[in-house]
Amino acid sequence: MSKCTICPRQCGADRETERGFCGADNRIRIARAALHMWEEPPICGTGGSGTIFFSGCSLGCEFCQNALLSQQNYGTVITAARLYEIMFELESQGAVNINLVTADHYIPYILPALRSAKSDGLKIPILLNTSSYLKLSALEMLDGTVDIYLADLKFTSRDAAMKYCSAPDYPEIARRAIAHMTKAAGKPVIENGIMKKGVIVRVLVLPGNIIDAKASIRYLYETYGDDIYISIMGQYVPMPDCRHHELQHKLSSKMYRSVIKYACALGIKNGFIQDQESADRAYIPQFDCQGVIKQC
Ligand code: SF4
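Presented here is a report on the structure given in the accompanying data block. (Residues numbered from 1 in each chain as written. Predicted model: local features only at pLDDT ≥ 70, side-chain atom pairs only at ≥ 80, totals over all residues. Heavy atoms only, no water.)

## Looking at unusual backbone geometry
For residues besides glycine, phi is generally negative; the peptide bonds are generally trans as well.
Then, number 1: Positive phi outside glycine occurs at Thr-102, with the angle close to 55 degrees.
Then, number 2: Along the chain, the position of Thr-102 falls in the loop between strand E4 (98-101) and helix H4 (107-119).
Then, number 3: Residue classification places Thr-102 among the partly exposed positions, given a relative accessible area of 25%.
Then, number 4: For Ser-166, which is not glycine, the phi dihedral falls at a positive 50 degrees.
Then, number 5: Along the polypeptide, Ser-166 turns up in the loop between helix H6 (158-165) and helix H7 (170-185).
Then, number 6: Look at Ser-166 and you get partly exposed, because its relative accessible area is 46%. (Helix = DSSP H or I, 4+ residues; strand = E, 2+ residues; numbered from the N terminus. Buried < 20%, exposed > 50% of the residue type's maximum accessible area, 1.4 Å probe, protein only.)

Now the structure itself:
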């Protein structure tokens, strides 16, 4: 793709010959394809979520918990045909969905494999696990193919989005993207404890950014009520490359509890909270290319 404008960065890279801001060229690169048990309960069920972790990222948050992938672009190049096979392998291992983690900058490259898998009998839902820093033109390509959106609303403040991601336009873009996702997926459907379609929006509570997290939660609830699930995450783990002082320590339990109390007072019923024990590096998956190469 010459002059790539897939994402809002619109960096114009010629992906045939170079990598863009996101770190990606015209090849699909992934770092892990395996069952994962640490998502929200209806995303994991008892079988696990069939996560496929993509390399690179178009948003590039300073505090990213998967910095090895998003910032260092760790991973192995695969073909679209191999991606197709991986989805069926994960399904046969018991996955309750296919969870495309940070695939935003690959959407046109992976779309044929996703569509083929569905038309060839993949029974489990396809889930887009996204920063929500997405153009509508990219999201619209996924209409009718993606069943579940596991989206972030990282910031409501433009200043915070600028400070941590150099993306002051993030709040407007993410809100517009979430509006599209809710239209495309409809109200949540959960059968026997497993999500089949719908939208979950995650708000990661960052230390020093409590007011913004509350503003994001309020916006989501006032706009969508219980037509989406809101997942309030307290799992933040400081990463070595965090430049800002407030990000160099974990979120305190007191601050996390204050955000949960705020959400409860709003009246949110469809929500998830975390045990703060998950704020530990042990919960960051091992990126060792498990499941990437076909085993003979
Ligand atoms: S997807 Fe990557 S290459 Fe394309 S515009 Fe965005 S950052 Fe640039």
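Once you've had a look at it, read on.
## Concerning the nonpolar core
Then, number 1: Residues Ile-52, Phe-54, Leu-100 and Leu-220 are the most contacted members of the largest nonpolar core, which totals 89 residues.
Then, number 2: Excluding residues that lie within four positions of it along the chain, Leu-100 makes contacts with Ile-52, Phe-54, Ile-110, Leu-114, Ile-126, Leu-127, Leu-128 and Asn-129.
Then, number 3: In terms of nonpolar packing, the next biggest core, distinct from the first, is built from eight residues, Ile-43, Leu-150, Tyr-229 and Phe-272 among them. (Core = buried A, V, L, I, M, F, W, Y, C linked by side-chain atoms within 4.5 Å. Contact = heavy atoms within 4.5 Å.)

## Brief notes about helix H3 (residues 80-92)
Then, number 1: Across its 13 residues, H3 extends 19 Å between first and last C-alpha, which sits within 8% of the 18 Å expected from 1.5 Å per residue.
Then, number 2: Buried residues of H3: Arg-82, Leu-83, Ile-86, Met-87, Leu-90 and Glu-91, and no others.
Then, number 3: The secondary structure elements touched by the buried residues of H3 are strand E1 (28-36), strand E2 (49-54), strand E3 (76-78), E4 and H4.
Then, number 4: Gly-94 sits one or two positions beyond H3 and adopts a positive phi of about 110 degrees. (Expected span 1.5 Å × (residues − 1).)

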